[in-house]
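# Summary of structural features
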Amino acid sequence: VSACEKGMQWVQALHLYREMADCHVGRDTFTYSAVVSSCEKGAQWVQALQLFREMVGSCVEGNTVTYTAAVSACEKGDQWVHALQIFRVMADSRVE
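Attention in this report is confined to the structure presented alongside it. (Residues numbered from 1 in each chain as written. Predicted model: local features only at pLDDT ≥ 70, side-chain atom pairs only at ≥ 80, totals over all residues. Heavy atoms only, no water.)

## Focus on the layout of surface pockets
In this structure, the largest pocket occupies an estimated 160 Å³ of space. Val-56, Cys-59, Val-60, Glu-61, Gly-62, Tyr-67, Val-89, Ser-93, Arg-94 and Val-95 together form the lining of the largest pocket. The residue inventory of the lining of the largest pocket, partitioned by class, reads six nonpolar, two polar and two charged. (1 Å grid on protein atoms, 1.4 Å probe; cavity = no way out; pocket = protein on both sides within 12 Å on 5 of 7 lines; lining within 4 Å. Points joined across faces, edges and corners; volume = space filled by probe spheres on them. Nonpolar A, V, L, I, M, F, W, Y, C, P; charged D, E, K, R; others polar.)

Here it is, written out as structure tokens:
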């Protein structure tokens, strides 16, 4: 997933992410960071936000990379309300 993110292949990153679920492979902070960042780089704010919310809902702790990518995706999509919500979640989670 990280290689897809670095290669700006957001569709492939999502495909691998979903295959991980199908194969019952755990998804951790690094997986979410890579796939959210991949969607952010591909200007896919809806996908990035959906993945971010899935991460929070599955009790996986995000890191600075995850939160920054999600905020940046919302910014690129002119979704400032969502970006502010992510900042609130980040503050509540005490991410440094």
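Once the structure has been displayed, the description carries forward.
## Notes on unusual backbone geometry
Glycine aside, residues mostly have negative phi angles, and peptide bonds mostly take the trans form. Although it is not a glycine, Ala-43 adopts a positive phi angle of roughly 60 degrees. Here Ala-43 lies in the loop between helix H3 (29–41) and helix H4 (45–57). Under the relative-accessibility criterion, Ala-43 is labelled exposed at 54%. The phi angle at Asp-78 is positive, at roughly 60 degrees, despite the residue not being glycine. Asp-78 sits in the exposed class, given a relative accessible area of 63%. (Helix = DSSP H or I, 4+ residues; strand = E, 2+ residues; numbered from the N terminus. Buried < 20%, exposed > 50% of the residue type's maximum accessible area, 1.4 Å probe, protein only.)

## Considering the environment of His-82
The topology assignment puts His-82 in helix H6 (residues 80–93). Excluding residues that lie within four positions of it along the chain, His-82 makes contacts with Trp-45, Leu-49, Arg-53 and Cys-74. (Contact = heavy atoms within 4.5 Å.)

## A word on the packing of helix H2 (residues 10–22) against H3
The N-to-C vectors of H2 and H3 enclose an angle of 150 degrees; their axes lie 8 Å apart at closest approach. When the axis of H2 is compared with that of H3, the two are roughly antiparallel. Considering the relative orientation of H2 and H3, their crossing is left-handed. Only Thr-31, Tyr-32, Val-35, Ser-38 and Cys-39 of H3 make contact with H2, whose side of the interface consists of Trp-10, Ala-13, Leu-14, Tyr-17 and Met-20. Split into classes, the residues belonging to the contact of H2 with H3 amount to eight nonpolar, two polar and no charged. (Axes fitted to C-alpha atoms, helices over the stretch in contact; angles between N-to-C directions. Parallel < 35°, antiparallel > 145°, perpendicular 65-115°, else oblique. Left-handed = near helix turned anticlockwise from the far one by under 90°.)

## Section: helix H5 (residues 64–76)
For H5, spanning 13 residues, the distance from its first C-alpha to its last is 18 Å, which sits close to the expected 18 Å at 1.5 Å a residue. Taken together, the buried positions of H5 are Thr-66, Tyr-67, Ala-69, Ala-70, Val-71, Ser-72, Ala-73 and Cys-74. Of the surrounding secondary structure, the elements contacted by the buried residues of H5 are H3, H4 and H6. With a side-chain oxygen positioned 3.1 Å from the backbone nitrogen of Val-65, the residue opening H5 is Asn-63. Just downstream of H5 lies Asp-78, where phi reads positive at about 60 degrees. (Expected span 1.5 Å × (residues − 1). Polar contact = N/O pair within 3.5 Å; in protein donor to acceptor, adjacent residues only side chain to side chain.)

## Let's talk about the side chain of Ser-38
Tracing the backbone shows Ser-38 in helix H3. Of the polar contacts made by the side chain of Ser-38, one reaches the backbone nitrogen of Trp-10; its length is 3.4 Å.

## Observations regarding the pattern of salt bridges
One pass over the full model with this rule turns up two salt bridges. In this structure, Glu-54 engages Arg-27 in a salt bridge whose closest nitrogen and oxygen atoms are separated by 3.6 Å. Pair noted here: Glu-54 is in helix H4 and Arg-27 is in the loop between H2 and H3, with a separation of 27 residues, a long-range link. Glu-54 sits in the partly exposed class, given a relative accessible area of 30%. Salt-bridge contacts for Lys-76 lead to Glu-40; the nearest nitrogen and oxygen are separated by 2.5 Å. Pair noted here: Lys-76 is in helix H5 and Glu-40 is in helix H3, with a separation of 36 residues, a long-range link. (Salt bridge = Lys/Arg side-chain N within 4 Å of Asp/Glu carboxyl O.)

Everything listed is a geometric property; what it means functionally is a separate question.
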